[in-house]
Amino acid sequence: MTATTDPQTDQQLRALAAAGAEELGWDAPAEQIIGWVARNVATADVAVACSMADAVLPALVAEQLPGVDVLFLETGYHFSETIAARDEVARRLDVNVVDVTPRLTVAEQDVEHGKDLFSRDPAACCRMRKMEPLGEALSGYRLWFTGVRRDEAPTRVDTPLITFDELHGLIKVNPVAPWTFDDLVDHSNRHDLPVNLLLQNGYPSIGCRPCTRPVAAGEDPRAGRWAGSGKVECGIHTTTATGA
């Protein structure tokens with residue numbers, strides 16, 4: 001699943017990530033972070049990962065990198081509202097939405113691994129339907145943007161703005177890491193961006209339909225993800241090249 005196999009390229013990307021992290025520090029504005037990327041990496045080498053909870057990240061990136069690829073993990077288990085948000089992003093923003101699909105359809109996975117694997121082994125389901133397809137998709141890029149924010153969960157409080165992604169072998173940029181959920185909503189409203197309607201109905205963090213529930217007032221924003229399973233991350237933003 002490592003994107004970069006050439007040692008020279010790997011070394012160059014590591015050095016670039018380190019330079020960017022030093023220049024931008026801990027809480028530079030998102031526009032400044034994206035501007036740094038636009039000056040250092042070609043648009044064709046950049047991908048934006050978007051869960052389609054909102055369109056803030058692709059909109060921010062497209063302002064300085066028009067036509068950028070936006071990767072959507074089409075797991076086959078999404079809410080209809082999420083699919084509608086994806087379609088609106090593709091229609092209204094200057095981006096190229098790319099559906100990233102697993103090797104198996106849901107029906108094929110049910111046959112091969114048993115029905116409703118998500119309820120018996122959510123880690124395996126996430127690996128096959130999210131992590132492995134994303135790893136393959138990222139192999140064609142040198143840098144990817146994510147919408148990870150530090151306020152989302154204890155597992156994300158130390159999220160840097162720019163780092164080298166050891167698992168996928170490319171630069172990883174988190175331009176809205178210092179933002180709060182309210183910052184996100186405010187930016188979306190001010191710019192009239194496409195938004196997943198589930199955000200207005202108690203879903204501050206949106207994943208696959210079978211594994212996501214509404215969040216009660218005062219709960220962790222990601223408390224509705226894999227509720228009752230003990231799982232808090234799909235693995236994309238926590239897995240390293242040498243660990244699970």
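Preceding this paragraph is the structure being described.
Residues numbered from 1 in each chain as written. Predicted model: local features only at pLDDT ≥ 70, side-chain atom pairs only at ≥ 80, totals over all residues. Heavy atoms only, no water.

Asker: I would appreciate a short explanation of the environment of Gly 140 in the present structure.
Answerer: Tracing the backbone through its elements, the reader meets Gly 140 in the loop between helix 7 (122-138) and strand 4 (143-145). For the pair formed by Gly 140 and Val 46, sequence separation is 94 residues and the distance between their alpha carbons is 8.9 Å. (Helix = DSSP H or I, 4+ residues; strand = E, 2+ residues; numbered from the N terminus.)

Asker: Can you help me understand the pattern of salt bridges in this one?
Answerer: Charged atoms that come close allow side chains of opposite charge to pair. Enumeration according to the criterion identifies 16 salt bridges in this entry. In this structure, Arg 156 engages Glu 152 in a salt bridge whose closest nitrogen and oxygen atoms are separated by 2.8 Å. The class of Arg 156 is buried, set by a relative accessible area of 7%. Taken together, the shared-partner salt bridges connect Glu 74, Arg 86, Asp 87 and Asp 99 into one network. (Salt bridge = Lys/Arg side-chain N within 4 Å of Asp/Glu carboxyl O. Buried < 20%, exposed > 50% of the residue type's maximum accessible area, 1.4 Å probe, protein only.)

Asker: Explanation requested: the environment of Ala 55 in the structure shown.
Answerer: Inspection of the secondary structure puts Ala 55 in the loop between strand 1 (46-49) and helix 3 (56-64). Along the chain, Ala 55 and Pro 194 lie 139 residues apart, while their C-alpha atoms are 5.6 Å from each other. Each residue touching Ala 55, except ones within four places of it in the same chain, is listed here: Val 89, Leu 93, Leu 193 and Pro 194. (Contact = heavy atoms within 4.5 Å.)

Asker: So what exactly am I meant to see when it comes to helix 7 here?
Answerer: Residues separated by three or four positions in an α-helix point in the same direction, a consequence of the helix having 3.6 residues per turn. In this model, helix 7 (17 residues) spans 23 Å end to end at C-alpha, consistent with the 24 Å of a helix rising 1.5 Å per residue. The largest bend along helix 7 reaches roughly 35° and is located at Met 128. Taking burial as the measure, the 17 residues of helix 7 include 12 buried ones, the bulk of the element. Of all the positions in helix 7, only Pro 122, Ala 124, Cys 125, Cys 126, Met 128, Arg 129, Lys 130, Met 131, Pro 133, Leu 134, Gly 135 and Leu 138 are classed as buried. (Expected span 1.5 Å × (residues − 1). Bend = angle between axes of the 7 residues up to and from the residue.)

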